Each structure stands twice: as structure tokens, then as C-alpha cells.
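Descriptive structure summary
The lines below spell out each chain.
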Amino acid sequence: MDQLSFFTSALDIFEEGVAYLHRLELELAETKITEAVEIDPALTNAEFYLEVIRRCGEWGLRNGAPPEYLFAARKEIFEQQRALGGTSPLFTEILKIITRNVQRNDELFTIDGSVADCQPFLHEAECVLRAGQYQPAYLMLLDLVEKSGADLPARYWGYLGDAAIAYNRRSRADTAYLHLLALAPQDVDWSTFRHQRLRDLFVETAHNNPSGAALYPLWAFNVWLHDALVVPEGFPLPLRLLIARENESTESMAEHERLQLFFLYVLKEEASIDASPDTAGRRQMQALAPQLFELFLRKKAGETV
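Residues numbered from 1 in each chain as written. Predicted model: local features only at pLDDT ≥ 70, side-chain atom pairs only at ≥ 80, totals over all residues. Heavy atoms only, no water.

1. Here's the deal with the packing of helix α10 (residues 196-208) against helix α11 (residues 215-225)
- One can describe the packing of α10 onto α11 by two numbers: an axis separation of 9 Å at closest approach and a directional angle of 125 degrees. With respect to their mutual orientation, α10 and α11 come out oblique. The handedness of the crossing between α10 and α11 comes out as right-handed. Listed contacts from α11 to Leu198, Leu201, Phe202, Thr205 and Ala206 of α10 are Leu215, Tyr216, Leu218, Trp219, Asn222 and Val223.
- Class assignment for the residues of the contact of α10 with α11 results in nine nonpolar, two polar and no charged. (Axes fitted to C-alpha atoms, helices over the stretch in contact; angles between N-to-C directions. Helix = DSSP H or I, 4+ residues; strand = E, 2+ residues; numbered from the N terminus. Parallel < 35°, antiparallel > 145°, perpendicular 65-115°, else oblique. Left-handed = near helix turned anticlockwise from the far one by under 90°. Contact = heavy atoms within 4.5 Å. Nonpolar A, V, L, I, M, F, W, Y, C, P; charged D, E, K, R; others polar.)

What follows is the structure, encoded as C-alpha cells:
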């Protein structure tokens with residue numbers, strides 16, 4: 001009985017410390033977690049949470065600190081995730097803590113649920129998603145994307161896909177992820193991303209190609225190449241994006257821009273209700289990415305790629 005009380009006490013103190021951390025009361029959090037470890041050195045996740053406390057302190061994320069500190073840390077984590085092509089439990093936990101503390105301040109939110117003066121864009125739906133409340137997050141995100149459409153940051157289409165998978169709406173998830181890949185695949189938030197096949201294809205793409213901005217549109221193309229998402233017939237977004245870019249000069253484009261444009265042509269033909277090939281579009285595709293175009297033709301011919 002004494003032994004049970006001994007360990008229960010350590011766990012209670014540890015959980016109290018984590019609660020302080022979630023409110024960004026870092027000194028109290030560190031004191032409690034350290035006290036718990038002194039009672040029970042085998043406590044799970046103690047070192048992890050102490051590292052979270054340390055990193056939050058480095059970013060100035062303390063209770064009562066200006067919201068700009070929260071926004072700046074969030075932005076830096078997004079940039080690091082993009083460069084890494086992935087995330088870590090540390091980043092995931094800190095992003096959850098950030099959005100939880102943003103939610104505590106109602107004055108930060110505008111009437112439409114977005115956070116004023118926050119870059120990159122932050123909406124309450126993201127906070128709800130990070131808290132693991134998938135059904136309300138799904139409904140909020142569905143409403144948000146229907147109101148904002150392609151004007152919404154691509155990351156939020158990814159969030160809709162994440163919530164849709166968790167809420168068992170697979171076809172809706174596919175369409176949402178297609179929006180992410182068509183608009184800006186580099187905007188993916190790896191800390192929430194739930195589509196394991198797409199994650200695996202990113203790892204494969206990164207293994208076979210040099211890192212850099214071109215990696216993300218190459219990933220998008222490989223998603224199509226390996227049928228990881230279903231492109232619905234009549235899917236209008238790629239045509240709309242191509243029309244918006246029809247006067248751009250491809251000669252001055254960076255490689256990743258050319259590859260992203262190529263991917264839009266792929267999606268446009270895949271979604272077309274016309275069975276005949278788009279001859280003009282295919283000429284553009286060949287000029288933009290000759291090697292990918294060969295893979296595109298092989299797949300369209302029914303060959304194994």
C-alpha cells in the first residue's frame with residue numbers, strides 16, 4: 001500500500017507540473033516535474049517535458065508574455081518543419097501549447113474566428129484541431145474553406161484533410177489534400193498531417209531527390225503517380241489556377257515553380273471529363289519537366305512506373 005501511494009504521489013506532482021507547463025508557468029512546471037523525478041526517477045516523459053520547458057523559455061514563451069512571442073515561435077516551428085520535411089514530438093507539443101494559450105485570450109480573435117495580426121494565418125479551427133477535438137474541428141474547417149475557398153492558406157486545406165481522416169470522411173480528406181498539393185504543398189503542417197501513405201511517399205521522394213524547394217512539387221507528382229489520392233472528375237481547382245497563371249513566363253521560373261505548374265497540368269488532365277488528351281497542355285508539360293512528362297505518358301498508357 002505504501003509503495004502504491006509512493007508512486008501515485010510522484011505521478012500527481014508530475015501531472016501538476018505538466019498542467020503548469022500548458023499555462024506557460026515555466027518555473028512552477030520545472031519545479032514540480034523535477035520534484036516528481038526526485039521521488040520516482042523512472043517517470044515516463046519527464047525528460048521530454050523538461051526539454052519542452054527549456055525550449056519554451058528560449059523562445060520567451062512565458063505566462064503573460066506578449067502574443068507576438070507565441071506567433072513568432074509558431075512561425076519558426078513551421079519553417080523548421082518545412083526544411084526538415086517532418087516534425088518532432090517536441091514541435092508538436094509546443095504548437096499545442098501555443099494554440100492553447102492563444103485560445104485563452106478571447107481578445108486576440110476577430111469576429112470570424114481568425115487571430116488578428118498573426119502571421120502566418122491562425123484560425124480557431126487550428127486550435128481545436130491541435131487539441132484533438134476532431135469532430136468540431138472538421139465542422140469548423142469545412143465552414144472555413146467553403147467561405148474562403150482558394151484564398152485560404154493551403155495549410156488549412158491540409159487541416160481539413162487531417163480532421164476528415166480522424167472523423168472518417170475519406171473522400172473529403174482526399175479532396176482537401178488535393179487542394180493543399182495544388183495550392184502549395186510546401187505549406188503542409190507535418191505536426192498534424194495524418195495521411196500515412198502521403199507521408200511515406202514524401203520520405204521516398206526525399207530519399208531519391210535532393211532537398212530544397214523542388215522536393216515538395218515532386219512529392220505532389222509522386223502522390224498522383226502512385227494513386228495515393230483520388231482525383232474527382234471535374235475537379236475545378238487546377239484549371240482555375242492555370243488560368244490565373246496563363247500570362248506568366250515559364251523561362252524565368254525557378255525549378256520548383258516549373259514543377260508545381262507541371263503538377264497543375266497533370267491534375268487538370270486527370271480531372272478532365274474529356275477523354276481526349278489536351279495536346280496544348282501536354283506540350284507545356286513536356287517543356288516544363290521532360291523527365292516527369294515521360295513518366296506521365298507511361299502511366300497514362302497503362303505501363304508500370
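2. What to know about the side chain of Arg130
- Of note, Arg130 is situated in helix α6 (residues 124-130).
- Arg130 gets classed as buried once you look at its relative accessible area, which sits at 8%.
- Looking at Arg130, its side chain comes within polar contact range of the side chain of Tyr159, at 3.1 Å. (Buried < 20%, exposed > 50% of the residue type's maximum accessible area, 1.4 Å probe, protein only. Polar contact = N/O pair within 3.5 Å; in protein donor to acceptor, adjacent residues only side chain to side chain.)

3. Description of the confidence of the model for the chain
- The pLDDT averaged across the chain works out to 94; a share of 97% of its residues lies at or above 70.
- Counting contacts from residues 1-7, a segment whose pLDDT is below 50, to residues more than four positions away or on other chains yields two contacts. (pLDDT = per-residue confidence, 0-100.)

4. Here's the deal with helix α8 (residues 154-166)
- Taking 1.5 Å of rise per residue, the 13 residues of α8 would be expected to cover 18 Å, and the 19 Å separating its terminal C-alpha atoms lies within 8% of that figure.
- Of all 13 residues making up α8, twelve are buried, and the element is well covered by its neighbours.
- Immediately downstream of α8, the backbone of Asn168 shows phi near 60 degrees, a positive value. (Expected span 1.5 Å × (residues − 1).)

5. Overview of unusual backbone geometry
- Here the bond from Gln119 into Pro120 is cis, since omega is -5 degrees, no more than 30 degrees from zero.
- Within the element layout of this structure, Pro120 appears in the loop between α5 (89-103) and α6.
- Residue Asp117 is not a glycine yet carries a positive backbone phi of 60 degrees.
- With respect to the helices and strands, Asp117 occurs in the loop between α5 and α6.
- Positive phi, close to 60 degrees, is recorded for Asn168, a residue that is not glycine.

6. Examining the pattern of salt bridges
- Following the criterion strictly, the structure yields 19 salt bridges and no others.
- Among the ionic pairs, Arg62 bridges to Glu27, the shortest N-O distance being 2.6 Å. Pair noted here: Arg62 is in the loop between α3 (46-58) and α4 (67-84) and Glu27 is in helix α2 (residues 26-39), with a separation of 35 residues, a long-range link.
- With a closest N to O distance of 2.9 Å, Glu126 and Arg74 form a salt bridge. Of this pair, Glu126 sits in helix α6 while Arg74 sits in helix α4; the two residues are 52 residues apart in sequence, bridging distant segments of the chain. Arg74 matches Glu126 in its accessibility class, with the two residues each being buried.
- Several salt bridges converge on common partners, so that one network encompasses Glu51, Arg54, Arg55 and Glu58. (Salt bridge = Lys/Arg side-chain N within 4 Å of Asp/Glu carboxyl O.)

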